[in-house]
Amino acid sequence: MDGTADKHSVGIVAPQTARFDEPLRLKSGAGIGGYELVFETYGSLNADRSNAVLVCHALNASHHVAGRYAGDPDNVGWWDNMIGPGKPLDTNRFCVIGVNNLGGCFGSTGPQSINPATGRAWGADFPVVTVEDWVDAQARLADHLGISRFAAVMGGSLGAMQALSWTIQYPERIGHALVIACAPNLSAQNIAFNEVARQAIITDPDFHEGHYYEHNTKPARGLRVARMVGHITYLSDDEMASKFGRQLRHGKLNYSFDAEFEIESYLRHQSHKFSDYFDANTYLRITKALDYFDPAAGHGGNLTLALEPATAGFLVVSFTTDWRFSPERSREIIKALLDNRRDVTYAEIDAPHGHDAFLLDDPRYHRLVAAYYDRIGMEAGV
Amino acid sequence: MKTNAMQRPDFAAIANWVKPGARILDLGCGDGSLLRYLNEQRGGIGYGVEIDDEGILASARNGVNVIQGDLERGLSGFADGSFDYVILSQTLQAVRSSERVIREMLRVGREGIVTFPNFGYWRNRLHVILGKMPMSDNLPYRWFDTPNIHLCTITDFEDFCRGHGVRILERIVMRDGSAVDFLPNLLGSLAVYRFERA
């Protein structure tokens, strides 16, 4: 189906760029002098600007959340099944904003950008950015767009961490947080997987200490292994079993190290595609942002205290087969919200797809998000 | 999911007991209509616990707080004494571990409120005497598709309370939406109790 035929698609979209000259102080203590953020918007802001929804992306996604590009109709937004006219996040009612985070590789200022101090690409010198830094940068984008308060901030996985952080950092600027497939921090196992990914990149001979752009190369092999590791953690065992099982590509064993099983072939193919469009320095930084996210850390590990400033209403959704950010991790967030007597709806969707379920089209999940947005829309007067 | 009529007879009785602005936990909240009713009548903040996907969706549509979970697995996500009232409305007869659920209600809440169909109601007795399992508005299921595994009478429930350190504070027995004071275990079809730890 093409973009014009699908009446539930936002259709052809185009990214915009916002330039910020005021330096941004980062959580690490470092700063960034000036920067650009690439973003897209769908739907229109109403007269009192009460219907804006920010959608935050996870590890490998971008500002291209919904719709298609005129020159590249196959490049469909990563959450297109969720956002559009008549979809759960209905662009007939809401003005939806997607933004590529600082340090990203889809146009916002990041390791591939020119460092004004040196005149060459930042590369390894691009600072480590955190979820909190991203939220600060997003708040400036909101200022730039004349949005003083978001009706909602929404995300899945790392995107959900940003939505959660919004409720703590800017409680007065967010009406609702939709926190999907989230965790209040990474477990040791989660960090371990990220470290394997980072080591794969850093030990690739083409990494050149992060300055590989100058060598006209990139650590593609490392990035592929990193992506493979990540990809495995996004899927459930059952999902892999039903999709691939032990199927062989050529019907028999060849006693070689070629991709013999379908799952090997799939991982190789996916990771090749990924290494073509994603930047390794960005990947390293985003995995660090994941590892560092821990709002309770500043409160002696007490998430209830960390969430005390939050005043937003919450929709929290987890998926039963998500072993990366399991339902137990979402229940920690629920507990902290209950302790603070916040308004919360929590659903545990019994879906077989693992962590990636948040991107898929499950009617129970989508109907619930739609119902929740209906409530937000009534509050926002749209 | 429990499908609640817009206002079941026990709703008004519960609303009368609940102090304005109270913190309420409704276990097995179904479509959230009791919470919505209590919120409209009494304000305060309420949460529902519901296991069923359709109940979660309906509660979200009703605009009430709801948490998906299995109350049979305990209420570990809820701190001791964190609610003024914990309500179990027409659900007691369908839970497997009734003792544990009542105990958890009184751990999490200062007071508990339960409502259940009175199996001692004369029509139910008559069904059994005539050799059939009872069916009625309060017990709408057939023997083979009923979720009700722990049906009890008013006398049974009060014996249970005495034996389990539960002090009954108030009781209303109803039939067709009206209170029944005379021979309640025989003439009442629905029992509503408010209780605390003895």
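Above this note sits the structure.
Since the structure is predicted, the reported quantities are computational estimates derived from the model, not experimental observations.

Q: Report on the pattern of salt bridges, specifying residues and quantitative values.
A: Residue and element names in this part refer to chain A. Considering all chains together, one arrives at 30 salt bridges over all chains under this definition. When the shortest N-O distance is used, the salt bridge between Glu332 and Arg329 registers 2.7 Å. One end of the pair is Glu332 and the other is Arg329, both in helix H9 (residues 327-339) and 3 residues apart, which spans about a single turn. Residue class for Glu332 comes out partly exposed when judged on its relative accessible area of 36%.

Q: Give me the lowdown on unusual backbone geometry, citing residues and values where you can.
A: In the Ramachandran plot, A:Ser157 falls in the positive-phi region, its phi being about 60° despite a non-glycine side chain. Residue position: A:Ser157 is located in the loop between strand S11 (150-156) and helix H2 (158-169). The phi dihedral of B:Gln90 is positive, around 55°, even though this residue is not glycine. In this structure, B:Gln90 sits in the loop between strand S4 (83-89) and helix H4 (98-108). Under the relative-accessibility criterion, B:Gln90 is labelled buried at 13%.

Q: Outline the state of the cysteines, listing residues and values.
A: All names here are of chain A. In the structure shown here, the tally under the stated rule is 0 disulfides over all chains. We note that Cys56 lacks a disulfide partner, and the nearest cysteine sulfur, in Cys182, lies 11 Å from it. Residue classification places Cys56 among the buried positions, given a relative accessible area of 0%.

Q: Just give me the short version of the interface of chain A and chain B, but keep the residues and values in it.
A: Put simply, an interface is often sized by how much accessible area is lost when its parts join up. Chain A puts 19 residues into the contact, and the matching count from chain B is 21 residues. With both sides pooled, the region where chain A packs onto chain B buries about 1,700 Å², and carbon together with sulfur makes up 52% of that total. Contact with chain B buries surface across chain A, with A:Leu338, A:Arg341 and A:Arg367 losing the most and accounting together for 34% of the total. For the pair chain A and chain B, the number of links is 2 salt bridges. The partner of B:Asp53 in a salt bridge is A:Arg364, and the shortest N-O contact between them spans 3.6 Å. In this assembly, chain A and chain B are joined by 10 residue pairs in polar contact (both at pLDDT 80 or more). Of all the elements in the fold, those that place two or more residues in the side of chain A that touches chain B are H9, strand S14 (344-349) and helix H10 (363-380) of chain A. Looking at the side of chain A that touches chain B element by element, the count peaks at 6 residues for H9(A). Looking at side-chain class alone, the side of chain A that touches chain B contains 8 nonpolar, 1 polar and 10 charged residues. Bridge count for S14(A) against strand S3 (residues 65-68) of chain B is 2 bridges, and the pairing is parallel. Bridged to A:Thr345 within S3(B) is B:Val66.

Q: Any details on the side chain of A:Asn340? Residues and values, ideally.
A: Residue position: A:Asn340 is located in the loop between H9 and S14. A distance of 3.0 Å separates the side chain of A:Asn340 from the backbone oxygen of A:Ala336, its partner in a polar contact.

Q: An account of empty space enclosed by the protein is needed here, citing residue identities and associated values.
A: Going through the model one piece at a time under the given rule, you end up with 3 cavities of 30 Å³ or more. If you add up the space inside the largest cavity, you get close to 60 Å³. If you go around the largest cavity, the residues you meet are A:Ala347, A:Ile349, A:Arg364, A:Arg367, A:Leu368, B:Asp53, B:Glu54, B:Ile56, B:Leu57 and B:Gln68. Mapped by element, the contributors of at least two residues to the lining of the largest cavity are S14 and H10 of chain A together with helix H3 (53-61) of chain B. Considering each element in turn, the lining of the largest cavity owes the most residues, 4 residues, to H3(B).

Q: Account for the packing of helix H4 (residues 220-234) of chain A against helix H6 (residues 262-277) of chain A, naming residues and giving values.
A: Residue and element names in this part refer to chain A. Running from N to C, H4 and H6 cross one another at 125°; their axes reach a closest spacing of 8 Å. As far as their axial angle goes, H6 and H4 are oblique. Here H4 runs over H6; the crossing is right-handed. For the pair formed by H4 and H6, the contact residues are Ala220, Leu223, Arg224, Arg227, Met228, His231 and Ile232 on the first element and Tyr266, Leu267, Arg268, Gln270, Ser271, His272, Phe274 and Ser275 on the second. Here the contact of H4 with H6 is composed, by residue class, of 7 nonpolar, 5 polar and 3 charged.

Q: Got a sec to walk through the environment of A:Ser108? Specific residues and values, please.
A: All names here are of chain A. For Ser108, the location among the structural elements is in the loop between strand S8 (95-99) and strand S9 (114-115). Ser108 sits 72 residues away from Glu36 along the chain, and the two C-alpha atoms are 5.3 Å apart. Dropping the residues within four chain positions of it, Ser108 is found in contact with Glu36, Leu37, Val38, Asn100, Asn101 and Ser113. Of note is the side chain of Ser108, whose polar atom sits 2.9 Å from the backbone nitrogen of Val38.

Q: Please give an account of the packing of aromatic side chains that cites residues and values.
A: Two aromatic rings, taken as a pair, are described by how far apart their centres are and by the angle between their planes. A complete count under the given rule lists 29 aromatic pairs over all chains for this structure. Where A:Trp166 meets A:Tyr170, the ring centres are 5.2 Å apart and the plane angle is 45°; that geometry is what we call tilted. Using a relative accessible area of 0% as the deciding quantity, one classes A:Trp166 as buried. Given the relative accessible area of 17%, A:Tyr170 is considered buried. Their ring planes at 80° and their centres at 6.0 Å tell us that B:Tyr47 and B:Phe83 sit as a pair that is edge-to-face. Taken together, the positions of B:Tyr47 in strand S2 (residues 45-50) and B:Phe83 in strand S4 put the pair 36 residues apart, joining distant regions of the chain. The two residues B:Tyr47 and B:Phe83 agree in class, both being buried. By way of ring pairs, the aromatic residues A:Phe106, A:Phe274, A:Tyr277, A:Phe278 and A:Tyr283 are connected into one cluster.

Q: Before we move on, could you go through the nonpolar core and cite the residues and values that matter?
A: General note: in soluble globular proteins, nonpolar side chains tend to be found buried as a group. Counting 107 residues, the largest nonpolar core has A:Leu102, A:Phe314 and B:Phe157 as the members making the most contacts within it. Element by element, the count of residues in this core is highest for helix H1 (residues 131-144) of chain A, at 7 residues. In this structure, B:Phe157 is in contact with B:Leu92, B:Ile102, B:Val114, B:Phe116, B:Cys152, B:Tyr193 and B:Phe195, ignoring residues within four places of it in sequence. If you look at the next biggest cluster of nonpolar residues, it comprises 60 residues, including A:Trp79, A:Ala181, A:Ile349 and A:Tyr365.

Criteria and cut-off values
- Residues numbered from 1 in each chain as written.
- Chains lettered and ligands numbered in written order.
- Predicted model: local features only at pLDDT ≥ 70, side-chain atom pairs only at ≥ 80, totals over all residues.
- Heavy atoms only, no water.
- Salt bridge = Lys/Arg side-chain N within 4 Å of Asp/Glu carboxyl O.
- Helix = DSSP H or I, 4+ residues; strand = E, 2+ residues; numbered from the N terminus.
- Buried < 20%, exposed > 50% of the residue type's maximum accessible area, 1.4 Å probe, protein only.
- Disulfide = S-S within 2.5 Å.
- Contact = heavy atoms within 4.5 Å.
- Buried area = accessible area lost by both parts, 1.4 Å probe.
- Polar contact = N/O pair within 3.5 Å; in protein donor to acceptor, adjacent residues only side chain to side chain.
- Nonpolar A, V, L, I, M, F, W, Y, C, P; charged D, E, K, R; others polar.
- Pairing = 2+ DSSP bridges.
- 1 Å grid on protein atoms, 1.4 Å probe; cavity = no way out; pocket = protein on both sides within 12 Å on 5 of 7 lines; lining within 4 Å.
- Points joined across faces, edges and corners; volume = space filled by probe spheres on them.
- Axes fitted to C-alpha atoms, helices over the stretch in contact; angles between N-to-C directions.
- Parallel < 35°, antiparallel > 145°, perpendicular 65-115°, else oblique.
- Left-handed = near helix turned anticlockwise from the far one by under 90°.
- Phe/Tyr/Trp six-rings, centres within 6.5 Å; stacked < 30°, edge-to-face > 60°.
- Core = buried A, V, L, I, M, F, W, Y, C linked by side-chain atoms within 4.5 Å.

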